[in-house]
Amino acid sequence: MEFRFTIALIYDFDGTLAPGNMQEYDFIPAVGKSNKEFWTEANTLAEEQDADMVLTYMARMIQEAKSKGLSLKREAFQESGRRVTLFNGVREWFSRINRYGEERGIRILHYINSSGLKEIIEGTEIAHEFRKIYACSFLYDVDGIAYWPAVAVNYTNKTQFIFKINKGIESVYDSERINEFIEEEKRPVQFRHMIYFGDGTTDIPCMKLVKQQGGHSIAVYNPRSRQKRQTMEQLIRDNRVSYICAADYSPDKEIDTLVRTIIDKIHADDRLSKFYRKTEP
């Protein structure tokens, strides 16, 4: 099938597609810590050393696994991902939205842009749905043991992956092509054809960037958390996001209706722009 253009749906993971943090389902209990203990230790280390909190949580994962004799192989992290619980409707969401796009001649691509661990996301039941998973990851030695961060994704460098998607660059390593000039109309995924889903402070720069560039940003919140909804409402008042929705991806729920409406709008805008160009003198 030949598509007219591509729309990219870009998701944070923790709190956006799954409740809580991915390390809390299996890894943290396995090292004998409470969630509060683990994150307090990681964040305290960052404060004491004036370090990045993403790098310190990754360091703590390696340290804790070693001290408890747990496997640091990629397969062990992936196994941990199989225990991650998803929000309602997430499993069926991708095929349904893909089909909605196809019916309009639009290709829908899904991406992860997360400060969580890529290896854990790879173990989840939805990993195959994503064109690319941009997330933190480890370097592995000759025995396949994690020993050092390979990629650390914090709230500001998350934005680089928006530009990579925009220009069709899937390699994290490639830092040359990202700086090449390409006219916006010729880029594989134009900014106005992006929908960004996030739930927290690490997503704010991305949500604001996509919104400012003509795309759409959706702040999602756990339906069970009234406080989280209030936090997301503040993002609307601060003009940082386009919409807020409860994280329920089931058919005809708020987020499903909203995304289908956005796709319809992008579709209509594309048709109108072509009509305008045809009538130019």
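Residues numbered from 1 in each chain as written. Predicted model: local features only at pLDDT ≥ 70, side-chain atom pairs only at ≥ 80, totals over all residues. Heavy atoms only, no water.

J.: Break down the overall build of the protein chain for me, citing the residues and quoting the values.
T.: If you tally the helices and strands in the protein chain, you get 10 helices and 7 strands. In terms of overall size, the protein chain behaves like a compact globule, its C-alpha atoms giving a radius of gyration of 20 Å where 281 residues would be expected to give roughly 19 Å. With the C-alpha coordinates aligned to their principal axes, the bounding extent of the protein chain is approximately 70 × 45 × 35 Å. Here the protein chain, with 281 residues, has 48% of them falling under the buried criterion. (Helix = DSSP H or I, 4+ residues; strand = E, 2+ residues; numbered from the N terminus. Rg over C-alpha atoms; globule rule 2.2 N^0.38 Å. Buried < 20%, exposed > 50% of the residue type's maximum accessible area, 1.4 Å probe, protein only.)

J.: Quick rundown of the nonpolar core? Include the residues and the values.
T.: A general feature of soluble globular proteins is that nonpolar side chains tend to end up buried together. One finds L9, F13, W93, L117, F197, Y249 and V259 to be the most contacted residues of the largest nonpolar core, which totals 82 residues. Y249 has contacts with T16, L17, F87, N88, G89, V90, W93, R96, F197, V220 and I255, leaving out every residue within four places of it along the chain. (Core = buried A, V, L, I, M, F, W, Y, C linked by side-chain atoms within 4.5 Å. Contact = heavy atoms within 4.5 Å.)

J.: How would you explain the packing of helix α7 (residues 159–167) against helix α8 (residues 204–212) if you had to name every residue and give the values?
T.: Close contact between α7 and α8 brings their axes to 9 Å; oriented N to C, the two are set at 40°. Classified by the angle their axes make, α7 and α8 are oblique. Taken together, the residues of α8 that come into contact with α7 (itself represented by T159, I162 and F163) are P205, C206, L209 and V210. Of the residues contributing to the contact of α7 with α8, the split by class is 6 nonpolar, 1 polar and no charged. (Axes fitted to C-alpha atoms, helices over the stretch in contact; angles between N-to-C directions. Parallel < 35°, antiparallel > 145°, perpendicular 65-115°, else oblique. Nonpolar A, V, L, I, M, F, W, Y, C, P; charged D, E, K, R; others polar.)

J.: Go over a nonpolar patch on the surface, please, and point to the residues and values.
T.: Taken together, the side chains of L139, Y147 and W148 make up a nonpolar region of the molecular surface, amounting to roughly 340 Å² of accessible area. Within the secondary structure, W148 sits in strand β4 (residues 146–151). Judged by its relative accessible area of 56%, W148 is exposed. (Patch = residues over 30% accessible without salt bridge, like charges linked within 9 Å, V, L, I, M, F, W, Y side chains within 5 Å. Areas by Shrake-Rupley, 256 points an atom, 1.4 Å probe, with all protein chains shown as cover. Salt bridge = Lys/Arg side-chain N within 4 Å of Asp/Glu carboxyl O.)

J.: Explain helix α2 (residues 35–49) to me, and be specific about the residues and the numbers.
T.: Given a rise of 1.5 Å per residue, 15 residues ought to cover 21 Å, and the 21 Å separating the end C-alpha atoms of α2 matches this to within 8%. Buried residues of α2: F38, W39, A42 and A46, and no others. Projection of α2 onto a plane perpendicular to its axis shows the buried side chains occupying an angular sector of 90°, all on one side. Residues of α2 that are exposed and point more than 90 degrees away from the buried face comprise K36, E47 and E48. Residues of α2 that are buried make contact with α1 (27–30) and α3 (53–68). Following α2 by one or two positions, D50 has its phi on the positive side, about 55°. (Expected span 1.5 Å × (residues − 1). Arc of directions from axis to C-beta.)

J.: I'd like a rundown of the pairing of strand β3 (residues 132–140), residues and numbers included.
T.: In terms of residue burial, β3 counts as a mostly covered element, since 7 of its 9 residues are buried. Where β3 and β4 come together, 4 bridges link them in antiparallel fashion. Across the sheet, L139 pairs through a bridge with W148, a residue of β4. Here β3 folds back onto β4 in antiparallel fashion, the turn holding 5 residues, of which G144 has a positive phi close to 80°. (Pairing = 2+ DSSP bridges.)

J.: Run through the packing of aromatic side chains, naming residues and quoting values.
T.: What describes a pair of aromatic rings is the distance from one ring centre to the other and the angle between the planes of the rings. In this structure the tally under the stated criterion is 12 aromatic pairs. Centroid distance F38 to W39: 5.0 Å. Interplanar angle 85°. Geometry classified as edge-to-face. This pair shows no difference in class: F38 is buried, exactly as W39 is. A ring pair is formed by W39 and Y57, whose centres lie 5.8 Å apart and whose planes are at 70°; its orientation type is edge-to-face. Highlighted residues: W39 in helix α2 and Y57 in helix α3, separated in sequence by 18 residues. Note on W39: relative accessible area 17%, which makes it buried. Overall, the relative accessible area of 5% leaves Y57 in the buried class. R104 extends its terminal NZ or CZ atom over the ring of Y100, reaching a point 3.6 Å from the ring centre. (Phe/Tyr/Trp six-rings, centres within 6.5 Å; stacked < 30°, edge-to-face > 60°. Lys NZ or Arg CZ within 6 Å of the ring centre and 35° of its normal.)

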